Amino acid sequence: MKISFLRPAVVSLLGAALLCAQTTTTNTPTPPTPAQIAADIVARLTTLLDLTSSQQATATSIFTTQATADQSIQTQMQTAQTALQTAVTSDSTSGITTAAATIGSLTTQKVTADATADAQFYAILDSTQQTKYSTLQSPGQGAGGGPGGRGGPGGPPPGGGVGGPGH
């Protein structure tokens, strides 16, 4: 009788001990590096446009530079957004103006970096690839915005996602 009573108690205690012994870790994913972002974009574009190895090498350089710039701009943008929120909650008109100007400048830098990369990439394509690339970017084709642009080949859907640098 005693054994049948003790067995559930021991099992419960062992189970509780095992639960307490388990450690929980938060696996915060690390963001991709600019080189990883560029490699993903180039892999997609190679599939879509049949890029040569020389084009792949040049595109990798172009998109690594773009992703590096985008990551830097994104970090600065987060700081500016925080400054803006602080200015709003403290009713600081000058702080709002300063933060808004910073956000505007960073937005210009991002658009410039992305468009420059798109132009450089377009320039390395042959005429057949350029035609196909332009078709892929047509608004009616669900793309738009270039290889790293919102919804473009190799880019994330509007609002973010996988594949493009920092959008």
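This is a predicted model, so every value here is computed, not measured.

1. Focus on helix α5 (residues 127-137)
For α5, every residue scored as buried is listed here: Gln-129, Gln-130 and Tyr-133. Along the axis of α5, the buried positions cluster into a sector of 100°, meaning they face one direction only. Turned more than 90 degrees off the buried face of α5, the exposed positions are Ser-127, Thr-128 and Thr-131. At its buried positions, α5 is contacted by α2 (34-49), α3 (53-89) and α4 (93-124). Where α5 begins, the capping side chain belongs to Asp-126, and its oxygen is found 3.1 Å from the backbone nitrogen of Thr-128.

2. Comments concerning the packing of aromatic side chains
Tallied over the full model, the rule gives 3 aromatic pairs. Measuring from centroid to centroid gives 6.3 Å for Tyr-122 and Tyr-133, while their planes differ by 45°, and the two rings are tilted. Here Tyr-122, found in helix α4, pairs with Tyr-133, found in helix α5; they are 11 residues apart in sequence, far enough to count as distant. Put simply, the rings of Phe-63, Phe-121, Tyr-122 and Tyr-133 touch in pairs and so form one group of aromatic residues.

3. Some points on α3
In this model α3 runs 53 Å from its N-terminal to its C-terminal C-alpha over 37 residues, within 8% of the 54 Å that 1.5 Å per residue would give. The inward-facing, buried residues of α3 contact α2, α4 and α5. Immediately beyond the C-terminal end of α3, within one or two residues, lies Asp-91, with a positive phi of roughly 50°.

4. Things to note about the pattern of salt bridges
As enumerated under the stated definition, the model contains 2 salt bridges in all. One network of salt bridges, in which partners are shared, links Asp-70, Lys-110 and Asp-114.

5. Brief notes about the packing of α2 against α5
The description of two packed helices rests on the angle between their axes and on the distance between the axes. Put simply, α2 and α5 touch, their axes get as near as 10 Å, and they point 110° apart. Taken together, the axis directions place α2 and α5 in an arrangement best described as roughly perpendicular. In this structure, α2 crosses over α5, and the sense of that crossing is right-handed. From α2, Leu-45, Leu-48 and Leu-49 reach across to α5, where they touch Gln-129, Lys-132, Tyr-133 and Leu-136. Here the contact of α2 with α5 is composed, by residue class, of 5 nonpolar, 1 polar and 1 charged.

6. Some remarks on the packing of α3 against α4
Where α3 contacts α4, the two axes come as close as 9 Å, and the packing angle between them is 170°. When the axes of α3 and α4 are compared, the pair comes out roughly antiparallel. Along the lines of polarity and charge, the residues of the contact of α3 with α4 split into 19 nonpolar, 10 polar and 3 charged.

7. Let's talk about the side chain of Gln-66
Tracing the sequence through the fold places Gln-66 in helix α3. Note on Gln-66: relative accessible area 2%, which makes it buried. A distance of 2.7 Å separates polar atoms of two side chains, one belonging to Gln-66 and the other to Asp-114.

8. What to know about the environment of Leu-106
Tracing the sequence through the fold places Leu-106 in helix α4. Not counting the four nearest positions on each side in its chain, Leu-106 is found in contact with Ile-73, Gln-76, Met-77 and Ala-80.

9. Some points on the environment of Ile-103
Relative to the assigned elements, Ile-103 resides in helix α4. Taking the C-alpha atoms as reference points, Ile-103 and Gln-81, separated by 22 residues in sequence, lie 7.4 Å from one another.

10. Considering unusual backbone geometry
With phi around 55°, Asp-50 is a residue other than glycine that occupies positive phi space. Classification of Asp-50 by relative accessible area gives exposed; the value is 59%. Positioned with a positive phi, Asp-91 is a non-glycine residue whose angle comes to about 50°. Residue Asp-91 is classed as exposed on the basis of its relative accessible area of 65%.

Calculation criteria
Residues numbered from 1 in each chain as written. Predicted model: local features only at pLDDT ≥ 70, side-chain atom pairs only at ≥ 80, totals over all residues. Heavy atoms only, no water. Buried < 20%, exposed > 50% of the residue type's maximum accessible area, 1.4 Å probe, protein only. Helix = DSSP H or I, 4+ residues; strand = E, 2+ residues; numbered from the N terminus. Arc of directions from axis to C-beta. Contact = heavy atoms within 4.5 Å. Polar contact = N/O pair within 3.5 Å; in protein donor to acceptor, adjacent residues only side chain to side chain. Phe/Tyr/Trp six-rings, centres within 6.5 Å; stacked < 30°, edge-to-face > 60°. Expected span 1.5 Å × (residues − 1). Salt bridge = Lys/Arg side-chain N within 4 Å of Asp/Glu carboxyl O. Axes fitted to C-alpha atoms, helices over the stretch in contact; angles between N-to-C directions. Parallel < 35°, antiparallel > 145°, perpendicular 65-115°, else oblique. Left-handed = near helix turned anticlockwise from the far one by under 90°. Nonpolar A, V, L, I, M, F, W, Y, C, P; charged D, E, K, R; others polar.

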